[in-house]
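Next come the chains, spelled out residue by residue.
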Amino acid sequence: MKKTHALFTLISFLFSCNREHYDFIIQNAHVSSDGTSSTELQDIGIRGDTIAAITRSGKLEGLSNFVIDANGLVLAPGFIDTHSHHGSGLRNNPPSIATISQGITTIIVGQDGGSHWPLKKYFQLLTDSQVVINVGSYSGHNTLRDHVLGNDFKRKSTQAEIDRMIAILKKDMEAGAIGLSTGLEYDPGIYSTKDEVLQLSKVLPQYNGRYVSHMRSEDRYFWDALQEIITIGRDFKIPVQISHFKLAMRGLWGKSDSTLQILEAARKEGIDVTADLYPYTYWSSTIRVLFPERNFNDEKEAAFILKEVTSPEGIIFSNYEPNPEYNGRSLAEVAKQEKKTPEKMLIELIRRLDECDKKGGDCGGSIVATSMDENDVKKLMQWPHTNICSDGSSSGRHPRGFGAFTRVLGHYVREEKTLSLDEAIYKMTALAADQIGIAKRGRIKVGYFADLVLFDPKTVNDQATIAEPQKISVGIEHVWVNGVEVFANGKATGKIGGRVIYRK
């Protein structure tokens, strides 16, 4: 009897030695990757930071001390936020909760022309002091311009100044920047000429870099701005991407078909033009961006803004330093309280910001403003070359920071049927990775990094609102970054798995 037991133990030992070992196994999951979901349940074996095996459920022959039963939920690649401002929340308490709670495992920062400088130092900091999620960055045009021109930015730059910007951009590209980002509605980029932007863009081909732009206009001068980004793609044969794709003026509503026809014609010409989009009809920015000519005292311009671009009820103050009591309230409410017309109130509020600036205060003037039409949002979202982004941050009043990706899955997939579930996941993962140029992420494949999100397609939904912008989504069950579980049971685990994403 003892000999039989010893023989059985030896056979079991030898058998186990020949079996694969995994750090953890996810069983019984509907796996969605490459725009298609598995019809049968599957098992996934993870070893270290890598997806090591994928088999039909019950067929994974391997050992692990940790097994997670997905119970038929959807397992997708970790979501890639191609346009993010969550960089300031990487070390919040809990860290990166805004991103991981909606399934985001990779963010691309340095957007709208603003980036850390120098990027080499920033990337080294992220390497030396690891964060929860993966982070890549563009080099920001506004940052370059600010570094060279300083406070004397309300003018055309000289050739010598452009050359200095080019030199800085090259250093960022050598450090691993994904490309160049512009924010051409913001100071100081709004004062740049098209030639300045073209000269900087000319640097990108030698580095296999790409160009992403908050265009010069998303409202009054939209068509000209669209041609500028197409021209950059054509002249330098580089990928170009429209940031937070929108038609942000009543006069543009319903023009999504015309817009997409222009972009499709450009793609047929060989121009690699794409877009990112967040799923809301309202944006968040500074109040000054409403005045592209910076004619802040022009009451006729203010009247045009409140009729065509947004409305007194549609402007909600997010961070108004001169009077924080206005935060969360609309321009219409503030104007009524101060017994002014909305036009005069808008002008007065900017004047107070200017006074705050002169005193050296922290003069935030951020707003949330409704400017888009829901049908246009849907059509632009459905364009095959549009990926999903948040354009969000871990603070502020816009709910996109905590709810963009889960809003797509809940509202636009389950409720509105704007996208199928597989289409939405593809836009959040594989398409995003391909467009940005991120290797071995965005798909569930053997040999790829184990950035994963497990969620319930029947319940996943955003909870954040303008009134409660930091409310955490529901339906996201588990999130892994490079094989490290960073989110489970509605909470951050406190574990860290993020890495720097360098240009491929």
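Values in this document were obtained by computation on a predicted structure and should not be read as measured data. For every chain, the first residue of the written sequence is number 1, and numbering continues from 1 onward in sequence order. Restriction of local features to residues with pLDDT of at least 70 applies here, the model being predicted, together with a cutoff of 80 or more for giving and counting side-chain atom pairs; totals for whole chains, interfaces and linings are based on all residues. Derived side-chain values reflect all non-hydrogen atoms in the structure, with water molecules and hydrogen atoms excluded from consideration.

Draft legend 1. Up close: the overall build of the protein. Counting its secondary structure elements, the protein contains 15 helices and 24 strands. The atom set for the radius of gyration is the C-alpha atoms, and the globule formula is 2.2 Å times the number of residues raised to the power 0.38. A compact globule built from 504 residues should have a C-alpha radius of gyration of about 23 Å, and the protein, at 24 Å, falls within 12% of that. Here the C-alpha coordinates of the protein stretch approximately 100 × 50 × 45 Å along the principal axes. Residue burial in the protein is summarised as follows: out of 504 residues, 57% are buried. When checking whether two residues touch, look at their non-hydrogen atoms; a contact exists if any pair is within 4.5 Å. Taking as baseline every contact in the protein between residues at least 6 positions apart, the subset at least 24 positions apart corresponds to 75%. Carbon and sulfur atoms make up 51% of the accessible area of the protein, which amounts to about 21000 Å² in all. Only runs of H or I of at least four residues qualify as helices and only runs of E of at least two qualify as strands under DSSP, and these elements are numbered from the N terminus. Throughout, exposure labels follow a simple rule: accessible area from a 1.4 Å probe, protein chains only, divided by the maximum for the residue type, with under 20% read as buried, over 50% as exposed, and the rest as partly exposed. The accessible surface values rely on the Shrake-Rupley method and a 1.4 Å probe; as for residues, cover is taken only from the protein chains in view.

Draft legend 2. Just the environment of Arg 216, in detail. Along the chain, the position of Arg 216 falls in the loop between strand E14 (210-214) and helix H7 (222-236). Remark: the alpha-carbon pair of Arg 216 and Pro 292, spanning 76 residues in sequence, is separated by 8.8 Å. In this structure Arg 216 touches Leu 184, Glu 185, Gly 189, Ile 190, Ser 192, Thr 193, Lys 194, Val 197, Ala 225 and Glu 228, once residues within four positions along its chain are discounted. Polar contact criterion, stated in full: a pair of N or O atoms within 3.5 Å, where within protein one must be able to donate a hydrogen and the other to accept it, and residues adjacent in sequence count only if both atoms are side-chain atoms. From its side chain, Arg 216 meets the backbone oxygen of Ser 192 in a polar contact 3.0 Å long. Only 2.8 Å separates the side chain of Arg 216 from the side chain of Glu 228, close enough to count as a polar contact.

Draft legend 3. View of the side chain of Ser 192. If you trace the backbone, Ser 192 turns up in the loop between strand E13 (179-183) and helix H6 (194-201). Residue Ser 192 is classed as buried on the basis of its relative accessible area of 6%. A distance of 2.6 Å separates a polar side-chain atom of Ser 192 from the backbone oxygen of Gly 189. Among residues more than four places away in sequence, those in contact with Ser 192 are His 141, Arg 145, Leu 184, Val 197 and Arg 216.

Draft legend 4. Up close: the sheet that holds strand E18 (residues 315-320). Spatial strand order, E17-E19-E18: three strands in an open sheet with antiparallel pairing. With partners counted over all chains shown, the strands left at the sheet margins are strand E17 (282-286) and E18, one partner each. Averaged over all pairs of adjacent strands, the angle between strand axes in this sheet comes to 20 degrees, irrespective of strand direction. A strand pair is defined by DSSP finding two or more bridges across the two strands. Where E17 and strand E19 (residues 365-370) come together, five bridges link them in antiparallel fashion. Bridge assignment links Ser 285 to a residue of E19, and that residue is Ile 367. A fitted line through C-alpha atoms serves as each axis, taken over the contacting stretch for helices, and the angle formed by two N-to-C directions is quoted from 0 to 180°.

Draft legend 5. View of the pairing of strand E5 (residues 50-56). As judged from the six bridges shared by strand E4 (residues 42-47) and E5, these two strands associate in the antiparallel manner. Across the sheet, residue Asp 43 finds its bridge partner in E5, namely Thr 55. Here E4 folds back onto E5, and the loop between the two strands holds two residues, one of which, Gly 48, carries a positive phi near 65 degrees.

Draft legend 6. The arrangement of the layout of surface pockets in detail. A volume near 820 Å³ is recorded for the largest pocket. For cavity detection a 1 Å grid was placed over the protein atoms alone, and a set of points counts as a cavity when a 1.4 Å probe fits there but cannot get out; an open set counts as a pocket when protein lies on both sides within 12 Å along at least five of seven lines, with lining residues being those that have an atom within 4 Å of a point. Taken together, 29 residues line the largest pocket, and the ones lying closest to its centre are Tyr 186, Ser 284, Ser 285, Thr 286 and Ser 366. Those elements giving two or more residues to the lining of the largest pocket turn out to be E17, E19 and helix H13 (400-415). In terms of residue count, E17 provides more of the lining of the largest pocket than any other element does, three residues in total. Within the lining of the largest pocket, the residues separate by chemical class into three nonpolar, 19 polar and seven charged. Grid points are joined across faces, edges and corners, and a volume is the space filled by probe spheres set on the points. Residues are sorted three ways: Asp, Glu, Lys and Arg are charged, Ala, Val, Leu, Ile, Met, Phe, Trp, Tyr, Cys and Pro are nonpolar, and all the rest, Gly among them, are polar.

Draft legend 7. Spotlight on the nonpolar core. Membership of the largest hydrophobic core comes to 122 residues, with the highest contact counts inside it found for Tyr 211, Leu 290 and Phe 455. Setting aside chain neighbours within four positions, we find Phe 455 in contact with Leu 73, Val 74, Ala 76, Phe 79, Leu 409, Leu 421, Ile 425, Val 460, Gly 475, Ile 476 and Glu 477. We call a set of buried Ala, Val, Leu, Ile, Met, Phe, Trp, Tyr and Cys residues a nonpolar core when their side-chain atoms join them within 4.5 Å.

Draft legend 8. Inspection of the state of the cysteines at higher detail. Any two cysteine sulfur atoms within 2.5 Å of one another count as a disulfide. What the rule picks out here adds up to one disulfide. In this model, Cys 356 is linked to Cys 363 through a disulfide, with the two sulfur atoms separated by 2.1 Å. A torsion of -90 degrees about the S-S bond marks the disulfide between Cys 356 and Cys 363 as left-handed. Of the residues examined, Cys 356 reaches a relative accessible area of 14% and is grouped as buried. Looking at Cys 363, the relative accessible area reads 11%, which means it is buried.

Draft legend 9. Structural view of the sheet that holds strand E9 (residues 79-81). Pairing is parallel across the open sheet formed by three strands, whose spatial order is E9-E10-E11. Of all the strands in the sheet, the pair left with one neighbour each is E9 and strand E11 (134-137). Between one strand and the next, the sheet's axes are offset by a mean angle of 20 degrees, whatever the strand orientation. Of the strand pairs in this sheet, E9 and strand E10 (residues 104-109) are connected by three bridges, and their pairing is parallel. Within E10, the position partnered with Phe 79 by the bridge is Ile 104.

Draft legend 10. View of the pairing of strand E21 (residues 452-455). Here E21 shows two buried faces, one formed by Leu 452 and Leu 454 and the other by Val 453 and Phe 455. By the bridge criterion, four bridges tie E21 to strand E22 (residues 476-481) in an arrangement that is antiparallel. Paired with Leu 454 across the two strands is His 478, which belongs to E22.

Draft legend 11. The arrangement of the packing of aromatic side chains in detail. Aromatic pairing here means that ring centres of Phe, Tyr or Trp (its six-membered ring) are within 6.5 Å. Orientation follows from the plane angle: under 30 degrees is stacked, over 60 is edge-to-face, and everything else is tilted. Enumeration over the complete set of coordinates arrives at 14 aromatic pairs. Every member of this aromatic cluster is reached through a ring pair, and the members are Phe 79, Phe 405 and Phe 455. Charge over a ring is defined by NZ of Lys or CZ of Arg lying within 6 Å of the ring centre and within 35 degrees of the ring normal. A cation sits over an aromatic face here: Arg 441 above Phe 449, 4.0 Å from the ring centre.

Draft legend 12. Examining the packing of helix H5 (residues 159-175) against H6 more closely. One can describe the packing of H5 onto H6 by two numbers: an axis separation of 10 Å at closest approach and a directional angle of 35 degrees. Read as a crossing pair, H5 and H6 show a hand that is right-handed. In this structure, H5 contributes Gln 159, Ile 162, Met 165, Ile 166 and Leu 169 to the contact, and H6 contributes Glu 196, Gln 199 and Leu 200. Here the contact of H5 with H6 is built from residues that sort into five nonpolar, two polar and one charged. Handedness of a crossing is defined here by the sense of rotation of the near helix relative to the far one, left-handed for an anticlockwise turn of less than a right angle and right-handed for a clockwise turn.

Draft legend 13. Spotlight on the packing of H13 against helix H14 (residues 421-428). Interhelical geometry of H13 versus H14 gives an angle of 160 degrees and a closest axis separation of 10 Å. By the angle between their axes, H13 is roughly antiparallel relative to H14. For the pair H13 and H14, the crossing hand works out as right-handed. In this structure, H13 contributes Phe 405, Val 408, Leu 409 and Val 413 to the contact, and H14 contributes Leu 421, Ala 424 and Met 428. Class assignment of the residues belonging to the contact of H13 with H14 gives a composition of seven nonpolar, no polar and no charged. Throughout, the term roughly parallel applies to angles under 35 degrees, roughly antiparallel to angles over 145, roughly perpendicular to angles from 65 to 115, and oblique to all others.

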